[in-house]
Amino acid sequence: SKLSPCSSVSSVMCRDCINELLPDRGRMCLEEGTYFLNVKGCAKCGEKSTKVANRKVKEGEDEDGLYTEEVEYTHTCASCGHEIATHFYSFEADGKTQEYSMDCVLCGKGESTSILYSPTSTDTKAADTKKTEDKKDTGPAADIQKKGEMLTSQILELRKHLPESDEGDDDDWED
C-alpha cells in the first residue's frame, strides 16, 4: 500500500531551477539528499547549492505489525532560501516485504519492493530436527552454528534451481 505525503509540508516546485521534472529513478529511493545532476541553478540568485528545510519524519506501527516511516522536506537554495522542490520518501515493512517509494520533482520518482526471506520446507524440517536433537545448545557458538545450518540449507535450496553443468568441461574459460 502506498503512503500519502505528510500534510505538514506543502508541495513546492520551481520548474526554472530543475533540468528535468520528476525524472524516473527506477528502484532508487532516497530518504535524504539531493539529485545534484538535476539542479539547473536557483532561478532567483543563480547559485547551484541546495540545503534541506522543514524536514519532518513520521513513524508508526499498526496493530498488525506494519511499520511505516514517512520523510518529507523542502529542497531550498543554500544562498537565498528560494524553495525548489518538496521531497517525499516512504518506507513500509510488514515482516514479509519492504516497500520504498520516493517522489520529488527534483530527485525523481522511484519505487522498490523487497521480499524478505521466508523459510522453505527444507529449512523448517532442519529446524525441527535440530530442536529435538539437543535443547541444551545455547550461547554465541550455538547461534553461529544455527546460522551456518540455515545458510547451508538455503544454499542447497538455491542450487536446486541452477541449470545442470558439465563438470570438467572448461572450454569456455580463457587462459
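Worth saying up front: this structure is predicted, and the values here are computed from it rather than measured. (Residues numbered from 1 in each chain as written. Predicted model: local features only at pLDDT ≥ 70, side-chain atom pairs only at ≥ 80, totals over all residues. Heavy atoms only, no water.)

(A) Up close: the packing of aromatic side chains. A full pass over the atoms with the stated rule returns 2 aromatic pairs. Taking the centre distance of 4.9 Å and the plane angle of 45 degrees together, the rings of F91 and Y100 count as tilted. Residue class for F91 comes out buried when judged on its relative accessible area of 12%. Connected via pairs of aromatic rings, a cluster forms that spans Y67, F91 and Y100. Across from the ring centre of Y35, 3.8 Å away, lies the NZ or CZ of R25, which sits over that ring. (Phe/Tyr/Trp six-rings, centres within 6.5 Å; stacked < 30°, edge-to-face > 60°. Buried < 20%, exposed > 50% of the residue type's maximum accessible area, 1.4 Å probe, protein only. Lys NZ or Arg CZ within 6 Å of the ring centre and 35° of its normal.)

(B) Region of interest: the environment of C104. Counting through the fold element by element, C104 comes out in strand β4 (residues 97-104). Between the alpha carbons of C104 and P23 there is a distance of 8.7 Å; along the sequence they are 81 residues apart. (Helix = DSSP H or I, 4+ residues; strand = E, 2+ residues; numbered from the N terminus.)

(C) Spatial organisation of the nonpolar core. Residues I18, A85 and L106 are the most contacted members of the largest nonpolar core, which totals 17 residues. For this core, the secondary structure elements donating two or more residues are β2 (67-77), β3 (83-93) and β4. Here this core takes 5 residues from β3, the largest share from any one element. Every residue in contact with A85, bar those within four places of it in the chain, is listed here: V12, M13, I18, Y73, T74, H75, C104, V105 and L106. (Core = buried A, V, L, I, M, F, W, Y, C linked by side-chain atoms within 4.5 Å. Contact = heavy atoms within 4.5 Å.)

(D) A look at the side chain of S90. Assignment of secondary structure puts S90 in strand β3. S90 sits in the buried class, given a relative accessible area of 4%. At a separation of 2.5 Å, a polar atom in the side chain of S90 contacts the side chain of S101. (Polar contact = N/O pair within 3.5 Å; in protein donor to acceptor, adjacent residues only side chain to side chain.)

(E) Quick peek at the confidence of the model for the protein chain. Chain-level statistics for the protein chain give a pLDDT mean of 78 and a share of 60% at 70 or above. A low-confidence stretch, residues 1-10 stays under pLDDT 50, and its non-local contacts, those more than four residues away or across chains, total 27 contacts. Residue range residues 125-136 is modelled with pLDDT below 50. Its contacts to residues more than four positions away, or to other chains, number 3 contacts. (pLDDT = per-residue confidence, 0-100.)

(F) Highlighting a negative patch on the surface. The grouping of E61, D62, E63 and D64 at the surface amounts to a negative patch. Note that E63 resides in the loop between β1 (50-61) and β2. Under the relative-accessibility criterion, E63 is labelled exposed at 75%. (Patch = residues over 30% accessible without salt bridge, like charges linked within 9 Å, V, L, I, M, F, W, Y side chains within 5 Å. Areas by Shrake-Rupley, 256 points an atom, 1.4 Å probe, with all protein chains shown as cover. Salt bridge = Lys/Arg side-chain N within 4 Å of Asp/Glu carboxyl O. Lys, Arg positive; Asp, Glu negative; His and termini not counted. Charge placed at Lys NZ, Arg CZ, Asp CG, Glu CD.)

(G) Expanded view of the sheet that holds β1. A sheet is described by the order of its strands in space; here 5 strands give the open sequence β1-β2-β3-β4-β5, paired in antiparallel fashion. Each having just a single partner strand, β1 and β5 (108-115) make up the two edges of the open sheet. Neighbour-to-neighbour, the strand axes of the sheet open up by a mean angle of 10 degrees, direction not taken into account. Note that β1 and β2 share 10 bridges and pair antiparallel. Of the residues in β2, the one forming a bridge with T50 is C77. (Pairing = 2+ DSSP bridges. Axes fitted to C-alpha atoms, helices over the stretch in contact; angles between N-to-C directions.)

(H) Layout of a nonpolar patch on the surface. On the surface, M13, L21 and L22 cluster together into a nonpolar patch covering about 220 Å² of accessible area. Structurally, L21 is set in the segment before β1.

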